[in-house]
Amino acid sequence: MYAALVALRREPILDPELWPDGPQQDDLRRLLGVLLAVVELEITATTRLGSDQDTDVAEVLLGWSDQVGPTPGLFANVLANRLQRTAVQLMGLDEDEEEGGQTPPGRMASSMAVVAAADTLDADLNFQSGDIDGVRQALGRAEASVIEIQQSMHDLRVAIGDAQEE
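Note that the coordinates shown come from a computational prediction; the quantities given were computed from them, not determined experimentally. (Residues numbered from 1 in each chain as written. Predicted model: local features only at pLDDT ≥ 70, side-chain atom pairs only at ≥ 80, totals over all residues. Heavy atoms only, no water.)

Peer 1: Mind showing me how you'd approach the overall build of the chain here?
Peer 2: Broken down by element type, the chain carries six helices and zero strands. Of the regular secondary structure in the chain, the N- to C-terminal order runs α-α-α-α-α-α. Counting only C-alpha atoms and orienting by the principal axes, one finds that the chain spans roughly 55 × 45 × 40 Å. Evaluated residue by residue, the chain yields a buried proportion of 20% over its 166 residues. Long-range contacts, defined here as pairs at least 24 residues apart, represent 46% of the contacts in the chain between residues at least 6 apart. Surface summary for the chain: the accessible area is close to 12100 Å², and the carbon and sulfur share equals 54%. Side chains of the chain carry 11 positive and 30 negative charges; the gap between the two charge centres is 4 Å. (Helix = DSSP H or I, 4+ residues; strand = E, 2+ residues; numbered from the N terminus. Buried < 20%, exposed > 50% of the residue type's maximum accessible area, 1.4 Å probe, protein only. Contact = heavy atoms within 4.5 Å. Areas by Shrake-Rupley, 256 points an atom, 1.4 Å probe, with all protein chains shown as cover. Lys, Arg positive; Asp, Glu negative; His and termini not counted. Charge placed at Lys NZ, Arg CZ, Asp CG, Glu CD.)

Written out as C-alpha cells, the structure is:
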C-alpha cells in the first residue's frame with residue numbers, strides 16, 4: 001500500500017520516532033485511508049456533479065463497477081460501508097468550531113440522512129438473504145435516523161427564524 005502511495009507521489013510523511021522501520025502491517029488501515037483520500041481528491045479534481053461533465057462522473061462509476069463486479073451483495077456492502085464512513089466524517093467536521101460541543105443541526109441532519117440510507121440498504125441486504133430480524137433491526141435504526149433528520153431540520157429552521165422552538 002505504501003509503495004502504491006509512493007508511486008503516486010502521495011505517500012504520507014511518517015514521524016521517524018513513531019515509525020523507525022517505516023510502515024508496518026498494522027498501518028494498513030491508515031494507509032488505505034490515505035489512498036482513499038488521494039483517489040477521492042483526484043476524482044473531485046476531475047469531475048463536477050451537476051455540471052456538463054456528467055460523462056466524466058459516469059466514466060468513474062463505470063470503472064468502479066468494473067472493479068467491484070456484478071455481485072449485488074458485494075456491491076451493496078461496499079456502498080453501505082462508504083455511507084457509514086461518510087456519516088462518521090460528517091459528524092467530525094470542524095469539531096473545534098462547534099458551540100457547546102453540539103453538532104450543528106444542518107450537519108446532524110445530513111449525517112443522519114446518510115445513516116438512514118446505510119441502514120435502509122442494510123435492511124434490503126438482510127431481506128435479500130432472508131434475515132427478517134435483521135430487516136427489522138435495520139429498519140428500526142433507519143426510522144430513528146429519519147426522526148433525527150426531521151428534528152435537526154426543524155432546529156435549523158428555528159436557528160434561521162423560520163420556525164418556533166417547541
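Peer 1: So what exactly am I meant to see when it comes to the packing of helix α4 (residues 72-92) against helix α5 (residues 105-129) here?
Peer 2: For any two helices packed against each other, one specifies the crossing angle of their axes together with the interaxial distance. One way to put it is that α4 packs onto α5 with a least axis distance of 9 Å and a crossing angle of 160°. As the angle between them shows, α4 and α5 are arranged roughly antiparallel. When the axes of α4 and α5 are compared, the crossing they make is left-handed. Along the contact surface, α4 presents G73, A76, N77, L79, A80, L83, Q84, T86, A87, L90 and M91, while α5 presents R107, M108, S110, S111, V114, V115, A117, A118, L121 and L125. (Axes fitted to C-alpha atoms, helices over the stretch in contact; angles between N-to-C directions. Parallel < 35°, antiparallel > 145°, perpendicular 65-115°, else oblique. Left-handed = near helix turned anticlockwise from the far one by under 90°.)

Peer 1: Would you take a moment to explain α4 for this structure?
Peer 2: Along an α-helix, residues three or four apart share an orientation, since each turn contains 3.6 residues. The end-to-end C-alpha distance of α4, which contains 21 residues, comes to 30 Å, matching closely the 30 Å that a straight helix rising 1.5 Å per residue would cover. Buried residues of α4: A76, A80 and A87, and no others. What you see down the axis of α4 is that its buried residues fit within an arc of 40°, all on one side. Exposed and facing more than 90 degrees away from the buried side of α4 are V88 and Q89. (Expected span 1.5 Å × (residues − 1). Arc of directions from axis to C-beta.)

Peer 1: Any chance you could explain the packing of α5 against helix α6 (residues 132-159) here in plain terms?
Peer 2: Interhelical geometry of α5 versus α6 gives an angle of 165° and a closest axis separation of 8 Å. With respect to each other, α5 and α6 are oriented roughly antiparallel. Here α5 runs over α6; the crossing is left-handed. Residues belonging to the contact of α5 with α6 are distributed by class as follows: 17 nonpolar, six polar and five charged. (Nonpolar A, V, L, I, M, F, W, Y, C, P; charged D, E, K, R; others polar.)

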